[in-house]
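# An overview of the molecular structure
The primary structure of each chain is shown beneath.
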Amino acid sequence: MKTIVHEIPYSPASNLDEEIFTASSVFFDIETTGFSPAHTSLYLIGCAYHIEQMLYIKQFFAETPEEEKEVLEQFLLLLDGFDTIITFNGIGFDIPYLKAKCNTYECNEHFADFTYVDIFKSISQIKHILQLPNYKQKTIEAFLGIGRDDLYSGGELIEIYHSYTKEPRPDKLEILLLHNYEDVLDMPALLPVLSYVHLFYGQYLSCSASISEYTDYKQQEKKELILSIEPEFSFPKHISCRMGSVYFYAKGKKCTLSVRLEEDALKYFFPNYKDYYYLPTEDVALHKSVAGFVDKEHRLQASAANCYTRKFSCYLPQWDILFTPFFKRDYKSKELFFELTDEMKKNREGFSRYANHVLSMIAATY
């Protein structure tokens, strides 16, 4: 078995890196000859950790399949010095694979005791917002502008490893080690992509609101709510998306949500329609305690569909019942609105709740 150690000067690229990649956390990535632990070999584990201003990359390489137990044991010894594991799809593949190998060799493992950060699993929650062709590590590296010398995929390296075990040439070893080396070297540089995940799940510093006027494509004057959000962590790349009446924009330390205001007469539906009469002439429902004095020819027993009152005002959309009372265009309409009252305009906490509501809606449905 070979053990290769690299020492590289290190400084966190952002405050997000600093928060996640602490002295008690370690990155790792494994290389195998396939997906099934029972029928394939573990031939390489690469780890990255830092001590003050130095980044250490340590690789455990099995020169033959018979050395995989030793590779596994050396890795487990290294883990004893950490309490947090950071991976790229480690929860989905690496950890289950290693646990199976530990079971085969009766190695004592304590993977359940660690705190985990899985970059792939986290970013998958908002993958449709980033709109990348796929969410492989190399694709996210390209999105962030991270370059590579390695030209091979993990699958392509399997044959190279099989060839190396028969003819252990230095050039083949260099290819095998480089791919894994760059995987773990680049993992800390991937952490800024998690800034988007933090935002969409409500982790930001502040939110302010204002009303802006604009002219739409029909040359009609419209209004929109502008929610200006100060993110906790800077965004590495500009992203934007539009969904219905909402436009999202994020760049650097700036994030904006623009939500179109509806100025219209919307309907509030009373919940207990059996207690109301509907007045067709006025197109309104009134409680029987009041409408009981109306001539019977001008009133009808209200139904769920016509038990409403209309109100002309400014409204904002909501995708669940966040604020009440809620309004609709018609009884069967799925669109929900709440009134932007003067009181609401002064409610900073309310706008923060609304910002979280809009962000979670984008994350769930975009």
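What comes next concerns the included structure. (Residues numbered from 1 in each chain as written. Predicted model: local features only at pLDDT ≥ 70, side-chain atom pairs only at ≥ 80, totals over all residues. Heavy atoms only, no water.)

## Details of the packing of aromatic side chains
Inspection of every chain in the model, using the stated rule, returns 23 aromatic pairs. Their ring planes at 10 degrees and their centres at 4.1 Å tell us that Tyr43 and Tyr161 sit as a pair that is stacked. Linking Tyr43 in strand β3 (residues 42–51) with Tyr161 in helix α7 (residues 154–166), this pair joins segments that are 118 residues apart in sequence. Look at Tyr161 and you get buried, because its relative accessible area is 1%. (Phe/Tyr/Trp six-rings, centres within 6.5 Å; stacked < 30°, edge-to-face > 60°. Helix = DSSP H or I, 4+ residues; strand = E, 2+ residues; numbered from the N terminus. Buried < 20%, exposed > 50% of the residue type's maximum accessible area, 1.4 Å probe, protein only.)

## Topic: the pattern of salt bridges
Under the definition given, this model contains 19 salt bridges. For Arg329, the salt bridge identified is with Asp264, shortest N-O distance 3.6 Å. Taken as a pair, Arg329 in the loop between β17 (326–327) and β18 (336–339) and Asp264 in strand β12 (residues 262–269) lie far apart in primary sequence, 65 residues in all. A relative accessible area of 27% places Arg329 in the partly exposed class. (Salt bridge = Lys/Arg side-chain N within 4 Å of Asp/Glu carboxyl O.)

## Description of the sheet that holds strand β1 (residues 2–9)
The mixed open sheet is built from six strands, whose spatial order is β1-β4-β3-β2-β5-β6. Two strands in the sheet have a free side with no partner beyond their single neighbour: β1 and β6 (115–118). The mean angle between the axes of side-by-side strands here comes to 20 degrees, regardless of whether they run parallel or antiparallel. Against the sheet, helix α8 (residues 170–190) makes contact with β1, β2 (25–32), β3, β4 (54–61) and β5 (84–87), and its axis sits at roughly 150 degrees relative to β2, the strand it touches most. (Pairing = 2+ DSSP bridges. Axes fitted to C-alpha atoms, helices over the stretch in contact; angles between N-to-C directions. Contact = heavy atoms within 4.5 Å.)

## Describing the environment of Ala209
By the element assignment, Ala209 lies in strand β7 (residues 204–215). C-alpha of Ala209 to C-alpha of Lys345: the two residues are 136 residues apart in sequence and 8.1 Å apart in space. Setting aside anything within four residues of it in sequence, one finds Ala209 in contact with Leu225, Ile226, Leu227 and Phe351.

## Here we look at helix α6 (residues 137–144)
In terms of burial, α6 is a largely internal element, six of the eight residues being buried. Among the residues of α6, Gln137, Thr139, Ile140, Glu141, Phe143 and Leu144 are the ones counted as buried. Contacts made by the buried residues of α6 are with α4 (119–123), α5 (127–130), α8, α9 (194–200) and β9 (235–243). Just past α6, the residue Gly145 takes up positive phi, approximately 80 degrees.

## Remarks on the state of the cysteines
This structure, assessed with the given rule, holds zero disulfides. Considering cysteine sulfurs only, Cys107 is the nearest to Cys102, which forms no disulfide, with 5.2 Å between them. Cys241 forms no disulfide, and the closest cysteine sulfur to it belongs to Cys255, at a distance of 9.7 Å. (Disulfide = S-S within 2.5 Å.)

## Examining the pairing of strand β16 (residues 308–318)
In this sheet, β16 lies alongside β12 in antiparallel orientation, the contact comprising eight bridges. What sits directly across from Lys267, in β16, is Arg310. Note that β16 and β18 share four bridges and pair antiparallel. What sits directly across from Pro317, in β18, is Phe337.

## Some details on unusual backbone geometry
A cis geometry characterises the amide bond from Thr324 onward to Pro325, with omega recorded as 0 degrees. In this structure, Pro325 sits in the loop between β16 and β17. The phi torsion at Glu52 lies on the positive side, around 55 degrees, for a residue other than glycine.

## A few points about the side chain of His179
When you line up the elements, His179 lands in helix α8. A polar atom in the side chain of His179 sits 2.7 Å from the side chain of Asp150. (Polar contact = N/O pair within 3.5 Å; in protein donor to acceptor, adjacent residues only side chain to side chain.)

## Overview of the side chain of Asp94
Looking at the secondary structure, you find Asp94 in helix α3 (residues 90–105). Beyond its immediate chain neighbours, meaning those up to four positions away, Asp94 contacts Phe28, Asp29, Ile30, Phe88 and Asn89.

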